[in-house]
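# Survey of secondary and tertiary structure
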Amino acid sequence: MIKRKFQVGDKVTVVGLSPINYAPGVKDELGTDKLFRNMLGKVYTVMGFDKYGNIELHPKQRDWVWIESKFLKLRARKSQNRK
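Now for a look at the structure at hand. Everything quoted here is computed from the prediction, not taken from an experiment.

### Considerations on the environment of arginine 77
Mapped onto the secondary structure, arginine 77 falls in the segment after β6 (72-76). Here arginine 77 falls in the partly exposed class, since its relative accessible area comes to 39%. A C-alpha to C-alpha distance of 8.8 Å links arginine 77 and valine 12, two positions 65 residues apart in sequence. Side-chain polar atoms of arginine 77 contact the side chain of aspartate 10, separated by 2.6 Å.

### Structural notes on the sheet that holds β6
The antiparallel open sheet is built from 3 strands, whose spatial order is β2-β1-β6. Two strands in the sheet have a free side with no partner beyond their single neighbour: β2 (43-45) and β6. Adjacent strand axes in the sheet meet at a mean angle of 40 degrees, parallel and antiparallel pairs treated alike. Strand direction decides the pairing type here: strand β1 (residues 11-14) and β2, joined by 3 bridges, are antiparallel. Bridge assignment links valine 12 to a residue of β2, and that residue is tyrosine 44.

Conventions we followed
- Residues numbered from 1 in each chain as written.
- Predicted model: local features only at pLDDT ≥ 70, side-chain atom pairs only at ≥ 80, totals over all residues.
- Heavy atoms only, no water.
- Helix = DSSP H or I, 4+ residues; strand = E, 2+ residues; numbered from the N terminus.
- Buried < 20%, exposed > 50% of the residue type's maximum accessible area, 1.4 Å probe, protein only.
- Polar contact = N/O pair within 3.5 Å; in protein donor to acceptor, adjacent residues only side chain to side chain.
- Pairing = 2+ DSSP bridges.
- Axes fitted to C-alpha atoms, helices over the stretch in contact; angles between N-to-C directions.

Right, dumping it as structure tokens:
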């Protein structure tokens, strides 16, 4: 079982970006680069993980992205319900 640095529900800050490269002649028509740049320095809730260990974030109500953990910093751990 993989031990993860982050858990679902944790608050994380985006502190870096992976370089985005497009093939010659291809334009960023979906605004992917702008979306990721706007996420820098902002806090998001970890929503899940993909099969590669990338972290799912929802920067906008209808958008979701997966980002590598090395580009995130833990802001607050989701509290455990204790009885």
